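# Chain and residue survey
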Amino acid sequence: MEKQKNAVGRRKEAVTRVFLSKGEGKITVNGKDYKAYFPLVYLQNQVEAPLKTIEAADKYDVVINATGGGVKGQAEAAKLGISRALLEVSLDYRPALKAAGLLKRDPRSVERKKPGRKKARRSYQFSKR
């Protein structure tokens, strides 16, 4: 791998651009270490999952630009982005990543608000009098 590979990950309203290059396993999100950016352990595990799956946690440096959505959406978008960037490095990683379910884009998003309702499904409170 002579130059960095890049990919995009999306989840809900969150979008992450991932830049993968050879290195010693440093993961940076918006200029911060990923453990500082994602303080919850389960979100850190989401970001690490693709690298742990192919046992390359200390082979690549990852720089992530995350925008939109919430912290959980950004972590899951980063997971997809890292998986896609690893595929650009080598297609040999595909079976392991696919088996772990890391190449699926989660299509669930917020349902739109309907007219005559308070939210998407919540109705206004009924009063008989």
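Residues numbered from 1 in each chain as written. Predicted model: local features only at pLDDT ≥ 70, side-chain atom pairs only at ≥ 80, totals over all residues. Heavy atoms only, no water.

Now for the nonpolar core. One finds Val47, Val62, Ile64, Ile82 and Leu86 to be the most contacted residues of the largest nonpolar core, which totals 26 residues. Listed by contribution, the elements that provide at least two residues to this core are strand 2 (14-22), strand 3 (27-29), helix 2 (41-53), strand 5 (60-67) and helix 3 (71-89). At six residues, the largest contribution of residues to this core is made by helix 3. Not counting residues within four places of it along the chain, the set of residues in contact with Val47 comprises Ile27, Tyr34, Phe38, Ile64, Ala75, Ala78 and Ile82. (Core = buried A, V, L, I, M, F, W, Y, C linked by side-chain atoms within 4.5 Å. Buried < 20%, exposed > 50% of the residue type's maximum accessible area, 1.4 Å probe, protein only. Helix = DSSP H or I, 4+ residues; strand = E, 2+ residues; numbered from the N terminus. Contact = heavy atoms within 4.5 Å.)

A separate point is the environment of Ala120. Tracing the backbone shows Ala120 in the segment after helix 4 (94-99). Considering only alpha carbons, one finds Ala120 and Ala14, 106 residues apart in sequence, at a separation of 21 Å. When near neighbours in sequence (up to four residues on either side) are disregarded, Ala120 contacts Glu111, Arg112, Lys113 and Lys114.

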